Amino acid sequence: MIVAVIGSGGREHAICQSLYKSKKTKKIYCFPGNAGTSKLAENINIDIDNFEILRNFVLHNKIELVIVGPEKQLVDGIVDFFEKHKIKVFGPNKIASQLEGSKIFTKNLCEKYKIPTASFGIFKNIDDAEKFIKKKKFPIVVKADGLASGKGVYICENINEASAAIKDIFDGKFGEAKNILIEEFLKGEEMSYFIISDGNTIKKFQTAQDHKRVLEGDLGKNTGGMGAYSPSRLINDELDNKILNKIIKPTIKGLNDIRSDYKGFLYVGLMIIENEPYLIEYNVRMGDPECQTILPKLKTDFLDIVIACCTNSLKNISIEWHKEKSLCIVLCSKGYPDKYKNNVLINNINKIVLSENEFIFHGGTSLYKKKVYSNGGRVLSFVCLSNNFKESKDKILDLINSINWSNGFYRKDIGYKVIDQ
Ligand code: AMP
Ligand code: GLY
């Protein structure tokens, strides 16, 4: 099968690698890809926001299946567009993608279907939002409604911080704001829960814990993710059933009631409080770096699973996993998530020898005259599967230390809750 992957991060490199392993894969294209994907796929430098150009390329090159990595194109309706042109595409449609595209859409769904989540208010202007926060206990969480690359969420410790957040959002820091969401702060431990669906059948796709903050000890600014491990230490059968029955099934019912279904990966961001799950957010895609952490554990042919999702036959597939634990550390450009330099040579990356359960997935990298250069904030994801998280981490640290790249930094404490120091 000729397959294409949309995206250029570590997530998409991991997806390309899983596709590459399948005997059914004849050729992979990556739009636009990175230095890592160029070893497995043909990278095509194309505007992924221009669906017409993408469609023409797909038809001309007889691509039989398109896998969409990032959220933006899903929220913009790429699945509806491709399906209209009879192109097989893996991901949720535009209505279902509102689960990530609009936090207010999701909150209203939670209210209607009694899905456990933080209590909230939605406000149309600064005055009403200000009046509301005067009556509230702190901390409080202020959120922009739409996509904001993880930046539109403010945890506010006092009224001044909350006022500043409200002003930022209504001033248009994350695009035009018609509404704002203000939530109760939930105190617990976070867990990411993944499922895959063909629109009828839901299958679990592992749990993970990521580290979103830039500094050790989970401090500092939010990032796309500095590292992750899988499985989460919190998961157990009882919690698993609660997540499926109290959160995921009512969400799918809510989508069915507005004549949509859910096809693709669904990333359920949860706060767990005393073994009870509360929904914090949905993402309509795999996480990055959770994808790099989870996919190497997959035993079943990934392409078979994706095809089953696109042909409504997921119920016939049993998804099998390797039993090892997986840990991922992301090597970033110094300065990330603020300003950082691009085009810094990563000298010896091609000489690094990986053992069977070790992986390096490229994110922000580019290839120039056969040499690898940094080209983004999150540059390389190092992943290792082993019998315990400590062993995985030690092996990753050895790998990172063997990279000769002066412009990198990483968190040395990834997985601290599951590794005895
Ligand atoms: P989100 O983009 O909605 O996932 O928010 C980013 C991060 O903010 C989450 O991963 C949580 O760490 C935190 N967060 C968001 N909403 C809440 C909440 N209601 N209570 C506590 N923490 C939250
Ligand atoms: N690692 C968080 C995300 O992919 O949204």
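Look above for the structure.
A quick note: this is a predicted structure, and the numbers were derived from the prediction, not measured.

**Student:** Quick question: what am I supposed to make of the sheet that holds strand S7 (residues 140-144) here?
**Tutor:** Whether parallel or antiparallel, the strands of a sheet pair through hydrogen bonds between backbone atoms. With respect to topology, four strands assemble into an open sheet ordered S6-S9-S7-S8, the strand pairing being antiparallel. Edge positions in the sheet fall to strand S6 (120-123) and strand S8 (153-156), since each has one partner strand and no second. Across the sheet, the axes of successive neighbouring strands diverge by a mean angle of 20°, strand direction being ignored. Both S7 and S8 contribute to a ladder of four bridges, which runs antiparallel. Each bridged residue has a counterpart across the sheet, and for Val142 the counterpart in S8 is Tyr154.

**Student:** How do you make sense of helix H8 (residues 159-170) when you look at a structure like this?
**Tutor:** Quick reminder: α-helices carry 3.6 residues per turn. Residues three or four places apart thus point the same way. Here H8 contains twelve residues, and its C-alpha end-to-end distance of 16 Å stays within 8% of the 16 Å for a straight helix at 1.5 Å per residue. Those residues of H8 that fall on the buried side of the exposure criterion are Ala162, Ser163, Ala165, Ile166, Ile169 and Phe170. In an axial view of H8, the angular spread of the buried residues amounts to 160°, which keeps them on one side of the axis. Residues of H8 that are buried make contact with S6, helix H7 (126-134), S7, S8 and strand S9 (180-184). The opening residue of H8 is Asn158, an N-cap whose side-chain oxygen sits 3.2 Å from the backbone nitrogen of Asn160. Backbone geometry just after H8 places Gly172 at a positive phi near 95°.

**Student:** Honestly, the site of ligand 1 in this entry has me stumped. Any pointers?
**Tutor:** Contacts to ligand 1 come from 15 residues, most closely from Lys143, Glu183, Leu186, Glu190 and Glu281. Glu190 places a polar side-chain atom, nitrogen or oxygen, 2.4 Å from an oxygen atom of ligand 1. Contact with the protein chains hides 91% of the accessible area of ligand 1, taken as 470 Å² for the molecule alone. Those elements giving two or more residues to the shell around ligand 1 turn out to be S7, S8, S9 and strand S16 (276-283). The class makeup of the residues in the shell around ligand 1 is eight nonpolar, no polar and seven charged.

**Student:** Help me understand the packing of H7 against H8, please; the structure alone is not making it clear to me.
**Tutor:** Geometrically, a packed helix pair is captured by the angle between its two axes and the distance between the axes. At a minimum axis distance of 10 Å, the contact between H7 and H8 shows a crossing angle of 160°. Here H7 lies roughly antiparallel to H8, going by the angle between them. Crossing of H7 over H8 shows right-handed handedness. Contacts between H7 and H8 involve Ile126, Ala129, Glu130, Ile133 and Lys134 on the former and, on the latter, Ile159, Ala162, Ser163, Ile166 and Phe170.

**Student:** Before we go on, may I ask you to explain the layout of surface pockets in this structure?
**Tutor:** Sizing a probe to match a water molecule and rolling it over the atoms shows the empty space that remains. Of the volumes computed, that of the second largest pocket is approximately 610 Å³. Lining the second largest pocket are 26 residues, and of these Gln17, Leu354, Glu358, Phe359 and Ile360 sit closest to its centre. Looking at the lining of the second largest pocket, the elements with two or more residues in it are helix H1 (10-21) and strand S18 (358-362). Class assignment of the residues belonging to the lining of the second largest pocket gives a composition of twelve nonpolar, eight polar and six charged.

**Student:** Quick question: what am I supposed to make of the site of ligand 2 here?
**Tutor:** Lining the immediate environment of ligand 2, one finds Asp210, Gly224, Tyr267, Asn283, Arg285, Gly287, Asp288, Pro289 and Glu290. Contact between ligand 2 and Asp210: a nitrogen atom at 3.0 Å from a side-chain N or O atom of the residue. In this structure, Gly224 approaches ligand 2 through a main-chain N or O atom, which is 3.0 Å from a nitrogen atom. Here ligand 2, which alone exposes 190 Å², has 90% of that area covered by the protein. Here the shell around ligand 2 is composed, by residue class, of two nonpolar, three polar and four charged.

**Student:** Explain empty space enclosed by the protein here, please?
**Tutor:** Considering all chains together, one arrives at one cavity of 30 Å³ or more under this definition. Its volume calculated, the largest cavity comes out at about 60 Å³. In terms of lining, the largest cavity is formed by 14 residues, of which the most central are Val68, Phe90, Phe265, Arg285 and Met286. Within the residue set of the lining of the largest cavity, elements represented by two or more residues are H1, strand S4 (65-68) and strand S15 (263-273). Of the residues belonging to the lining of the largest cavity, the class tally is nine nonpolar, three polar and two charged.

**Student:** Could you clarify how one ought to interpret the nonpolar core in this entry?
**Tutor:** Within soluble globular proteins, side chains that are nonpolar generally end up buried alongside one another. By size, the foremost hydrophobic cluster in this structure holds 71 residues, and its most contacted members are Leu19, Ile67, Ile196, Phe205, Phe302, Phe382 and Ile403. A total of seven residues in this core trace back to one element, the largest contributor, which is helix H11 (residues 302-310). Not counting residues up to four positions away in its chain, the partners in contact with Phe382 are Leu327, Cys328, Ile329, Leu331, Phe359, Ile360, Ile396, Leu399, Ile400 and Ile403. If you look at the next biggest cluster of nonpolar residues, it comprises 47 residues, including Phe81, Tyr113, Ile243 and Val284.

Parameters and conventions
- Think of each chain on its own: its residues are numbered from 1, step by step along the sequence as written.
- Whichever chain is written first becomes A and whichever ligand is written first becomes 1, with later ones labelled in order.
- Local features are withheld for residues below a pLDDT of 70 in this predicted model, meaning they are given only at 70 or higher, and side-chain atom pairs are given and counted only at 80 or more; totals for whole chains, interfaces and linings count all residues.
- Water and hydrogen atoms play no part in the side-chain values, which are based on all heavy atoms of the structure.
- Strand pairing requires that DSSP identify at least two bridges connecting the strands.
- Helix numbering and strand numbering both begin at the N terminus, where a helix is a DSSP run of H or I of at least 4 residues and a strand a DSSP run of E of at least 2.
- To get an axis, a line is fitted to the C-alpha atoms, and for a helix only the part in contact is used. The angle between two axes follows their N-to-C directions and goes from 0 to 180 degrees.
- Here the expected length of a helix is defined as 1.5 Å per residue gap, with one fewer gap than residues.
- In this scheme, a residue with accessible area under 20% of its type's maximum is buried, one over 50% is exposed, and one in between is partly exposed, where area comes from a 1.4 Å probe on protein chains only.
- The directions from the helix axis to the C-beta atoms form the arc being described.
- Only heavy atoms enter the contact rule, under which two residues are in contact if any of them lie within 4.5 Å.
- Pairing of N or O atoms within 3.5 Å defines a polar contact, subject to two protein rules: one partner must be a possible hydrogen donor and the other a possible acceptor, and residues neighboring in sequence count only if both atoms are side-chain atoms.
- Whether a residue is near a molecule or strand depends on its heavy atoms: it is near if one of them lies within 4 Å of it.
- To measure how exposed things are, a 1.4 Å probe is used in the Shrake-Rupley method; for residues, cover is taken only from the protein chains shown.
- Note on residue classes: Ala, Val, Leu, Ile, Met, Phe, Trp, Tyr, Cys and Pro are nonpolar, Asp, Glu, Lys and Arg are charged, and everything else, Gly too, is polar.
- Oblique is the label for every angle not falling under 35 degrees (roughly parallel), over 145 degrees (roughly antiparallel), or within 65 to 115 degrees (roughly perpendicular).
- Take the far helix as your reference; a near helix turned counterclockwise from it by less than a right angle gives a left-handed crossing, and one turned clockwise gives a right-handed crossing.
- Grid spacing is 1 Å over the protein atoms alone, the probe is 1.4 Å, and a cavity is where that probe fits but cannot get out, while a pocket is an open set with protein on both sides within 12 Å along at least five of seven lines and lining residues have an atom within 4 Å of a point.
- Grid points are joined across faces, edges and corners, and a volume is the space filled by probe spheres set on the points.
- To qualify as a nonpolar core, a set must consist of buried Ala, Val, Leu, Ile, Met, Phe, Trp, Tyr and Cys residues joined through side-chain atoms within 4.5 Å.

This is a description of form; function is not addressed.
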